[in-house]
Amino acid sequence: MADAKTVLEFVKQHEIKMLDLRFTDLPGLQHHISYPIGQLSEESFHEGFGMDGSSIRGWSAIHESDMLLIPDPTTYLLDPFTEVPTLVMLCDVVDPVTKQRYDRDPRYIAKKAELYLASTTLADTAYFGAAAEFFIFDNVRFDQREQHGFYFIDAEEGRWNSGREESNLGYRPRFKEGYFPVPPTDHYQDLRTEMVMTMQECGLQVECHHHEVATGGQTEIDLKYDSLARSADHVMLFKYIVKNVANQYGKTVTFMPKPIFQDNGSGMHTHQSLWKEGQPLFAGDGYAGISPMALWYIGGLIKHGPALAAIIAPTTNSYKRLIPGLDAPVNLAYSRRNRSAACRIPMYSAAPKAKRVEFRPPDPSCNPYLAFAAMMMAGLDGIQNKIDPGRPMDKDVYDLTPEELAKVSSMPPSLEDALDALEKDHLFLLQGDVFTEELLSAYIDYKRTEVDAIRLRPHPFEFALYYDI
């Protein structure tokens, strides 16, 4: 693992001029501050760099705003986008008075989750592999004022643009038929490849890339799984690279889960497994080749699914995607192969190391540090309490009769309902002090401001429905 001396030697070798320190706020947006490289020394990795935490969403109050950023030497890389050679490092956030890690630092929560896992002796490593989908647009306009509110999306690949004169060669995916078309219907093969090549230059391991189901340039790039905190680090770097490569091509990317009406939304299906001493623990001789531990882990995800929703699908827009019968699994059931179940057990390989659980309700608007930690805590609760997930749902959930469907629990229909569920069901998150009551309270309060903001504003479609009432 890299240390301070490794980083400083890298600085000399690459004649680096600037230092860029990064951290993530509670909702999941990354922030940065830059210094001339001469400010970096071995002592910096212990003493840190001062910053004001009061202006960061969901963080400290103005009277306790001073924070320290401690660079993590294992995360260093050369920024592929800056004109001046710039060293990037992720930081741990520390209280300058107590010298303790800051409880609202999402990265700290992910690391606490890993420590708690080890303390249980059930496993020593949680592996996470997330496939974050996103849209590539040419232009987006949006505004909200007292007397108007609108959004307008322009996408070269948008089916709704078939009639426009400019840049129209006629090859566009049909709604919900964008899965795996070859170019020229797939407009973004070269752009996605550029994204992948940049990711590899930055140390990320990419498994594949492809066009997704929706029109409007919906894309998926799959990263190789890694340990919980490192995988969350990789998602943040993934987003940074995707947005900046698109920007260089004159495009814009959004991880907003449901930007297009009547087409598929973007999910972040998350593959999860527990290992101990280098051995996979989810392989067995039970249903779909999984172990009792894996089945109980699924039981925890299903039981706590409504509460998890507030963290893994954390925006009001998330629930435009999580609609029964449409493009995302809202019914909390499990199955092998069946993608209409919230928990899927992939059957691509019978190898023990490939046995894992894929949880499908999360979307890429979530904070990966919080989301991965929360899902693992739910799974551990399932193992510790041997929660039975019931019988598998190998039948298409969308084809169930009303009587059958009534027996299957489901994800909440709105962010407000998800926050209510989290308020009622969060003891499993408090184990090992991974999440704290104070942190969850601050998170819920912040998210309720988003719910209220949407509730207060007239929706454009309300004018179509009610203007002449």
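Everything below is about the structure shown above.
A few points on the structure. (Residues numbered from 1 in each chain as written. Predicted model: local features only at pLDDT ≥ 70, side-chain atom pairs only at ≥ 80, totals over all residues. Heavy atoms only, no water.)

Structural notes on the packing of helix α3 (residues 106–120) against helix α5 (residues 228–248)
Step number 1: Running from amino to carboxyl end, α3 crosses α5 at an angle of 155°, the nearest separation of the two axes being 8 Å. Comparing their axes, α5 and α3 come out roughly antiparallel. Contacts from Arg107, Ala110, Lys111, Ala113 and Glu114 of α3 reach α5 at Leu228, Ala229 and Asp233. (Axes fitted to C-alpha atoms, helices over the stretch in contact; angles between N-to-C directions. Helix = DSSP H or I, 4+ residues; strand = E, 2+ residues; numbered from the N terminus. Parallel < 35°, antiparallel > 145°, perpendicular 65-115°, else oblique. Contact = heavy atoms within 4.5 Å.)

Notes on the nonpolar core
Step number 1: If you look at the biggest cluster of nonpolar residues, it comprises 98 residues, and the most contacted ones within it are Met195, Met199, Leu274, Phe372, Met376 and Phe435.
Step number 2: With residues up to four places along the chain from it excluded, the contact list for methionine 376 reads Ala113, Leu117, Ala126, Phe128, Leu228 and Tyr297.
Step number 3: The next biggest cluster of nonpolar side chains, apart from the first, holds 23 residues, and it includes Val7, Phe23, Leu40 and Val93. (Core = buried A, V, L, I, M, F, W, Y, C linked by side-chain atoms within 4.5 Å. Buried < 20%, exposed > 50% of the residue type's maximum accessible area, 1.4 Å probe, protein only.)

Details of unusual backbone geometry
Step number 1: Although it is not a glycine, glutamine 262 adopts a positive phi angle of roughly 70°.
Step number 2: In this structure, glutamine 262 sits in the loop between β13 (252–254) and β14 (268–276).
Step number 3: If you check the backbone angles, aspartate 433 has positive phi at about 60° while not being a glycine.
Step number 4: By relative accessible area, which is 43% here, aspartate 433 ends up partly exposed.

Description of the pairing of strand β6 (residues 86–94)
Taken residue by residue, a regular strand's side chains alternate between the two faces of the sheet.
Step number 1: Counting buried positions along β6 gives 9 out of 9 residues, so the element sits mostly inside the fold.
Step number 2: Both faces of β6 are covered, namely the face carrying Thr86, Val88, Leu90, Asp92 and Val94 and the face carrying Leu87, Met89, Cys91 and Val93.
Step number 3: Pairing geometry for strand β1 (residues 18–24) and β6, over 5 bridges, is parallel. Directly across from methionine 18, in β6, lies its bridge partner threonine 86.
Step number 4: Here strand β4 (residues 66–71) runs beside β6; their pairing, made up of 4 bridges, is antiparallel. Bridge pairing links proline 71 to cysteine 91 in β6.
Step number 5: Bridge analysis of strand β5 (residues 77–78) against β6 gives 2 bridges, and the strand direction is antiparallel. (Pairing = 2+ DSSP bridges.)

Side note on the pattern of salt bridges
Step number 1: Evaluation of the coordinates by the stated rule reveals 23 salt bridges.
Step number 2: Between aspartate 138 and lysine 251 there is a salt bridge, with its nearest N and O atoms 2.5 Å apart. You can see aspartate 138 sitting in the loop between β7 (125–137) and β8 (139–144) and its partner lysine 251 sitting in the loop between α5 and β13, a full 113 residues away along the chain.
Step number 3: The exposure class of aspartate 138 is partly exposed, given its relative accessible area of 23%.
Step number 4: Accessibility expressed as a relative area gives 13% for lysine 251, which makes it buried.
Step number 5: We note a salt bridge from arginine 455 to aspartate 452, for which the minimum N-O separation is 2.5 Å. Here the residue arginine 455 and the residue aspartate 452 both occupy positions in helix α13 (residues 437–456), the gap between them amounting to 3 residues, near one helical turn.
Step number 6: Judged by relative accessible area, arginine 455 falls into the partly exposed class, the value being 47%. (Salt bridge = Lys/Arg side-chain N within 4 Å of Asp/Glu carboxyl O.)

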